[in-house]
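Working through the structure, step by step
In case you want the letters, here they are:
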Amino acid sequence: MQVAPLGEQLREWRTRRRMSQMDLALETDMSTRHLSFIETGRSRPSAAMLQRIADRLEVPHRARNALLLAAGYAPDYPERPLDSPEMAGMKAIVEHVLKGHEPYPALAVDRHWNMVAANDAIAILIEQVAPALLAPPANVLRIALHPDGLAPQIVNHGEWRAHILHRLDLQIEASADSGLIALREELAGYAAQANDNDAGAVSSIAVPLILDTIAGRIRFVSTVTIFGTPVDITLSELAIEAFFPADAESAALLRRLQKF
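Everything in this summary refers to the structure shown in the same document.

Quick notes on the rules
- Residues numbered from 1 in each chain as written.
- Predicted model: local features only at pLDDT ≥ 70, side-chain atom pairs only at ≥ 80, totals over all residues.
- Heavy atoms only, no water.
- Helix = DSSP H or I, 4+ residues; strand = E, 2+ residues; numbered from the N terminus.
- Buried < 20%, exposed > 50% of the residue type's maximum accessible area, 1.4 Å probe, protein only.
- Contact = heavy atoms within 4.5 Å.
- Areas by Shrake-Rupley, 256 points an atom, 1.4 Å probe, with all protein chains shown as cover.
- 1 Å grid on protein atoms, 1.4 Å probe; cavity = no way out; pocket = protein on both sides within 12 Å on 5 of 7 lines; lining within 4 Å.
- Points joined across faces, edges and corners; volume = space filled by probe spheres on them.
- Nonpolar A, V, L, I, M, F, W, Y, C, P; charged D, E, K, R; others polar.
- Salt bridge = Lys/Arg side-chain N within 4 Å of Asp/Glu carboxyl O.

Turning to the overall build of the protein, a few remarks are in order. When its secondary structure is counted, the protein shows 13 helices and five strands. Each of the 260 residues in the protein was classed as buried or not, and the buried ones make up 43%. Partitioning the contacts of the protein with sequence separation of at least 6, the portion at a separation of at least 24 is 60%. Accessible area of the protein: about 13,400 Å², with a carbon and sulfur share of 56%.

See the structure below:
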């Protein structure tokens, strides 16, 4: 794997975090001169110092491996598929969480929002989605905003679209991930929908997903959960999005659907 020079990577992350050399040097207990030498390739930091810098710059695990490789060190963080034997315990936890959320929908996604697992209640969200969008790897943000996906069913499509794009902006700012950048450009390029007028009640606490399903209108709010202190790249990038009914009527409808 080809990686950019260490100094170039560090400058990019420091600029992304809006820190000067002096700021970063002070907060990592090194001289500005030493940091300058590292960024210009005239000095090689120890692995411990590099991790200290990465901690302050909040560099994601995947990008930390790239920093370590560029400095001539072995990567610190392994990357194992969720269905590998070593990850069996974590996969079981994910499935337990998803199953325990029924009768409400929940799904697990990777760093690019590709669905890696879901519970049975997800059927209410995807029953009218074009089969091509559900073929692996099914991207949940593409499903949400594509004209052949959920977009025509989302009552407050304009509001939900803005919410998703803002969420991606925050992730891109944090990770500089090229896959997320490409995904955002794709989503932003979708044609406007007739339901972009944001009809329906708007919550001042959380952005709702108001969905017209075959069974009736359902109002959801969602939460995203990540694993704490992971040391595996796959696990550090895994997120579970759980949808909750936003009102009593939606909760009752979802409970009725579970019986069928």
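Additional details are given in the paragraphs that follow.
Moving on to the layout of surface pockets. Quantified by volume, the largest pocket comes out at close to 1,200 Å³. Around the largest pocket, the lining comprises 40 residues; the ones closest to its centre are Pro60, His61, Arg62, Ser175 and Glu237. Elements with a contribution of two residues or more to the lining of the largest pocket: α1 (6-16), α5 (61-70), α10 (157-175), α11 (178-188), β4 (216-226) and α12 (233-236). Of the residues forming the lining of the largest pocket, the biggest block, seven residues, is contributed by α5. Of the residues in the lining of the largest pocket, the class split is 21 nonpolar, ten polar and nine charged. Here the second largest pocket is characterised by a volume of approximately 230 Å³. Elements represented by at least two residues in the lining of the second largest pocket include exactly α7 (123-126) and α13 (248-258). A total of three residues in the lining of the second largest pocket trace back to one element, the largest contributor, which is α13.

Quick look at the environment of alanine 121 now. You can see alanine 121 is positioned in the loop between β2 (115-118) and α7. Every residue in contact with alanine 121, bar those within four places of it in the chain, is listed here: Glu102, Pro103, Tyr104 and Pro105.

With the rule as written, the count across this model stands at 15 salt bridges. In this structure, a network of salt bridges that share partners links the residues Arg62, Glu79, Arg111, Asp177 and Glu237.

Turning our attention to unusual backbone geometry. Looking along the chain, the bond that leaves glutamate 102 and enters proline 103 is cis, with omega of 20°. Mapped onto the elements, proline 103 comes out in the loop between α6 (88-100) and β1 (106-109). Put simply, proline 136 and proline 137 share a cis peptide bond, and its omega is -5°. Take proline 137: it is sitting in the loop between α8 (131-134) and α9 (140-145). We note that aspartate 29 has phi near 55°; this positive angle belongs to a residue other than glycine.

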